[in-house]
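# A look at the structure
The primary structure of each chain is shown beneath.
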Amino acid sequence: MEKVYVFDTTLRDGEQVPGAKLAAAEKLEIARQLEALGVDVIEAGFPASSPGDFEAVRNIARNVRGVSIAGLARAVPSDIDAVWEAVKEAANPQIHIVLGVSDVHLRGKFHKSREEILRMGVEAVRYARAYTSNVEYSTEDAGRADLDYLCRFVEAVIAAGAKVVNIPDTTGYCYPKEFGHIIRTLMERVPNIHQAIISVHCHNDLGMAVANTLAGVRNGARRVEVCVNGLGERAGNAALEEVVMALKTRADYFGVETGVRTEEIFRTSRLVSTLTGIVVQPNKAIVGANAFAHSSGIHQDGVLKERSTYEIIDPGLVGVAESKLVLTARSGRHALRAKLEKLGYKDFSEGHFQQLYQRFLEVADRKKEVYDEDLEAIISDELRRDEACGYVLEEAAVTCGTKGAATAEVAVRGPEGTVRRAKGGGSGPVDAAYVAVDQIVGIPCKLLEFSLQSVTEGIDALAQVHVRIEAGGKLYAGRAAHSDIVVSGVNAYLDALNKAASKEVPAAVKPAG
Ligand code: KIV
Ligand code: ZN
């Protein structure tokens, strides 16, 4: 298969994202990771833009030896000199020159004719060639340029010695068919086109960056300019991970390959996100938190039976440990059973499993997502409830707030099966509910300890309550979990009271302090 070269511009175009400014040491860390990822060229910065950027590029050129290092220059000698100074110590330095070619740019920015700009471009390439043969020329805003002029331009800069000619859709204006047509036309009409590599650099203003990049490859481009996580000016550049994985996953369609070590993709994405502070959207292709997460019951069932039913990429290929089944109210029994087995809970009777499933649905209805910790809490709660053949909470309702004392009404089923109701008042809803429970159960006891912990994060988390009581001179512990604090508190209290009622030998619990 033919090779497509990967030119990463995360440290130049990507760093142009507002707020993504990186310190020199952070740039070096990212460059090292890009080298591990196996990109062919790292565009390390724009040396003429500031002394800081110059130093950062030079630092990378000196320290990252396994990959070509490029720096960006406008088509003027001082910029080209600055790039060369910054990259010359690299193992394989490259000078990247950019100059607009569209009439919009010529009239709006340069106030020069097409012929003048063509001359400027050719002179810049010749100037850079005096330093190195490794010169890339970018025809900025090629996506909106006159195609005949673009063909002439590309021919002229190749004749002047450009080794790579980049065709940027700088403003993200093109659609894939149009962009593909530009590349195809260049491949067919420019007589010396095979003396250079055609590169594509697409922005995402209309959400077409990746599609246009791939259309470029389909039509003859052999280098792609991309940014990790799709960072870049305005709406960003084509995302490295999406382009690389599209070429790999659909090698049957594109018939090309890159040298990227795809297992490093996820790690690279996380590093860039952490250091730039630009969060990856959860539904982002390849590297988003949900890229390999299945939520619907139908999909979970399918993936559990055969992964390829709903996954076209093995997560391990991009360095993600495994696909995730997100347990929500839409998850079915199959997913719950698989998750429980993964957590080490295997030997359930069918009846017990159905009970757990009902409990899971109750929690899932209240929460968006049920985490492993929630399941652990549900299981231990259910196990205790099964063992406790005593008092069971049937209903609880409370009023509380700033307008006076809290009140509670509680209904509890006793060991003999009758349900009794009682009301209580107290300093808070749990206190009031305990007063009501005391009237029903009637075991004299003293509450020694009450502690509340949320099982996971978030307002909808399960609340785990631990209590310790003293009854008949002995200590008993109780525990329960529920998304309602009062229900959790009452269940924990009943758990301890049931132990006291059955005169269970207390566990080795000592009073606090
Ligand atoms: O978008 C663009 O045209 C660029 C060039 C420097 C290639 O970033
Ligand atoms: Zn760009």
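The present account deals with the structure reproduced in this document. Computed from a predicted structure; not experimentally measured.

### Re empty space enclosed by the protein
A probe matching the size of a water molecule, rolled over the atoms, marks out where space remains unfilled. Summed over the entire model, instances satisfying the criterion amount to three cavities of 30 Å³ or more. Here the second largest cavity is characterised by a volume of approximately 40 Å³. Leu 336, Leu 340, Leu 356, Phe 360, Leu 375, Ile 378 and Ile 379 together form the lining of the second largest cavity. For the lining of the second largest cavity, the elements supplying multiple residues, two or more each, are α13 (333–342), α14 (350–366) and α15 (372–387). Considering each element in turn, the lining of the second largest cavity owes the most residues, three residues, to α15. Its residues assigned to classes, the lining of the second largest cavity comprises seven nonpolar, no polar and no charged.

### Quick notes on the coordination of the zinc ion (ligand 2)
Looking at the zinc ion (ligand 2), one finds its protein donor set to be Asp 13 (OD), His 201 (NE2) and His 203 (NE2), positioned 2.0 to 2.1 Å from the metal centre. One chain supplies every donor to the zinc ion (ligand 2), and in sequence these donors are spaced D-x187-H-x1-H.

### Describing the pairing of strand β4 (residues 68–74)
Within β4, six of the seven residues are buried, which leaves it mostly tucked inside the rest of the structure. Note that strand β3 (residues 41–45) and β4 share four bridges and pair parallel. Within β4, the residue paired with Gly 45 across the bridge is Gly 71. For the segment spanning β3, helix α2 (residues 51–63) and β4, crossover handedness is right-handed. Looking at chain direction, β4 and strand β5 (residues 93–100) are connected through six bridges and run parallel. Of the residues in β5, the one forming a bridge with Leu 72 is His 96. For the handedness criterion, the β-α-β arrangement of β4, helix α3 (residues 77–87) and β5 is classed as right-handed.

Calculation criteria
Residues numbered from 1 in each chain as written. Chains lettered and ligands numbered in written order. Predicted model: local features only at pLDDT ≥ 70, side-chain atom pairs only at ≥ 80, totals over all residues. Heavy atoms only, no water. 1 Å grid on protein atoms, 1.4 Å probe; cavity = no way out; pocket = protein on both sides within 12 Å on 5 of 7 lines; lining within 4 Å. Points joined across faces, edges and corners; volume = space filled by probe spheres on them. Helix = DSSP H or I, 4+ residues; strand = E, 2+ residues; numbered from the N terminus. Nonpolar A, V, L, I, M, F, W, Y, C, P; charged D, E, K, R; others polar. Donors = N, O, S within 2.8 Å, 3.2 Å for Na, K, Ca; no water. Buried < 20%, exposed > 50% of the residue type's maximum accessible area, 1.4 Å probe, protein only. Pairing = 2+ DSSP bridges. Right-handed = clockwise from strand over helix to strand, strands pointing away.

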